[in-house]
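# Structural overview
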Amino acid sequence: MSPSKTPAEILDIGGAEVRISNPDKVVFPEPGLTKLDVVRYYLAVADGALRGAGGRPMVLKRFPKGIDAEPFFQKRVPENHPEFIDTATLHYSSGTSAEETVIRDAAGLAWVVNLGCLDLNPHPVRAEDLDHPDELRVDLDPMPGVDWSQIVDTAYVAQEVLDDVGLVGWAKTSGSRGLHILVRIAPRWSYRDVRLAAETLAREVENRAPGLATARWWKEERGESVFVDFNQNAKDRTVASAYSVRSRPDARVSTPLTWDEVRSARPEQFTVLSVPQRFAEKGDPHAGIDDTAGSLEGLLALAAQLGPAEKAPRSGDGSGRRVSTMPLIEVARTKTKPEALAAFDEWKAQHAELVSALHPADVLVDGMRGSSSLWYRVRVNLQHIPDDQRPPQEDLIANYDPWAGKEWPGRPSA
């Protein structure tokens, strides 16, 4: 971080004045990128970024303390937003609602970056029709131990399935370890139908590539495979959109690709420093995405053929809670990921004789959504430990409660 705040800079963007506070604040220490550098990056790729996020209500994911601290999620648009920021009121299944931010131009991009946003997290609906998604989203999420080639192979299987049902998939790097596939659809179906269609796509990918890909929702059941994450299509979910800057030390960018590039591309190639030149020279590989809106009828027909997905068994105590088919123990619940990793290191020291038998995918460190920020849960799958050597569930090494002090109807139990 910069040792002291620098004077604000006023940018004229398309006739709108956008105030950038503390423009010299270092956001990415490794490449030395400042807040103003990130703003200029978004202005350089504005057409592509707005193709992915423009006109859609978005959750503001803010990093006020930099990329090394946990962000917080802000659904409601700030009260003193400028006139060039639109809004849309979303109603959630919990019964709550939020007037969310809608950006439509480059000035809006600069404004959200000034708030501390790095990636853009729009909902899969347009502000003009909040009940009917126009985008189906698939996140190819690799489990630990899975390399890039396996992700790529899964992507091509997904493309094949989409082609068979008359849909067009558009690939991009996630900006982290995986790939996203976006599918424009006619805004005719409900969230429930879109999620079912995405789940059906995931199941068919698994059917065609067993062992390579999985549609298993429960993490401990996936093994070392690529999870075709269909639940990103639930009503309350958002995904980092095209050209989003991710909070990785190298300022990595979620970058659209042509299908010819998917095999040879690597996520680390695409950063705030490299993508503007690529955009200027090659344009946006997703430039035609809005012209390919298709029908879900093929996937929904396939859903009927496949029948209902297998459900996990439920507890017999009347709680309705799912019972895992795997021998899981919980190690810790923490506020931050470094604390979670430290707790797991402590567990390993206590059970050193077991560590060599664990597979990479047996260690489950999950970012869990709290009321406004992430918290972390650490579990260990003991499936590869002989029955007579498995430790029992012990007291948690750390037991952070993200709901402490918060009360509302239906509050999650601690």
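One can find the structure itself at the top, above this paragraph.
A brief look at the structure comes next. (Residues numbered from 1 in each chain as written. Predicted model: local features only at pLDDT ≥ 70, side-chain atom pairs only at ≥ 80, totals over all residues. Heavy atoms only, no water.)

Inspection of the entire model under this criterion finds 24 salt bridges. A salt bridge links Arg 184 to Glu 135, with the shortest nitrogen-to-oxygen separation between them at 2.1 Å. Within this pair, whereas Arg 184 is found in strand β12 (residues 179-184), its partner Glu 135 is found in strand β10 (residues 135-142), the two being separated by 49 residues in sequence. Take Arg 184 and Glu 135: they sit in the same class, and that class is buried. A salt bridge links Arg 252 to Asp 250; the shortest N-O distance between them is 2.9 Å. On the basis of relative accessible area, Arg 252 is assigned to the buried category, the value being 10%. The exposure class of Asp 250 is partly exposed, given its relative accessible area of 21%. Each of Arg 56, Arg 126, Asp 134, Glu 135, Arg 137, Arg 184 and Asp 290 takes part in salt bridges that share partners, so that together they form one network. (Salt bridge = Lys/Arg side-chain N within 4 Å of Asp/Glu carboxyl O. Helix = DSSP H or I, 4+ residues; strand = E, 2+ residues; numbered from the N terminus. Buried < 20%, exposed > 50% of the residue type's maximum accessible area, 1.4 Å probe, protein only.)

Once that is clear, we can look at the sheet that holds strand β15 (residues 328-334). Pairing within the open sheet is mixed, and its four strands lie in the order β16-β17-β15-β18. Every interior strand has two partners, whereas the edge strands, β16 (363-369) and β18 (398-399), have only one. Sheet topology note: the β16/strand β17 (residues 374-381) ladder contains seven bridges and is antiparallel. The residue bridging Arg 369 from the neighbouring strand is Leu 374, located in β17. (Pairing = 2+ DSSP bridges.)

Okay, helix α5 (residues 191-208) next. For α5, with 18 residues, the first-to-last C-alpha span of 26 Å sits near the 26 Å given by 1.5 Å per residue. Turning to α5, its buried residues are Tyr 191, Val 194, Ala 197, Ala 198, Glu 199, Thr 200, Leu 201, Ala 202, Arg 203, Glu 204 and Val 205. The secondary structure elements touched by the buried residues of α5 are β10, α4 (148-164), β13 (213-214), β14 (226-229) and α8 (297-306). (Expected span 1.5 Å × (residues − 1). Contact = heavy atoms within 4.5 Å.)

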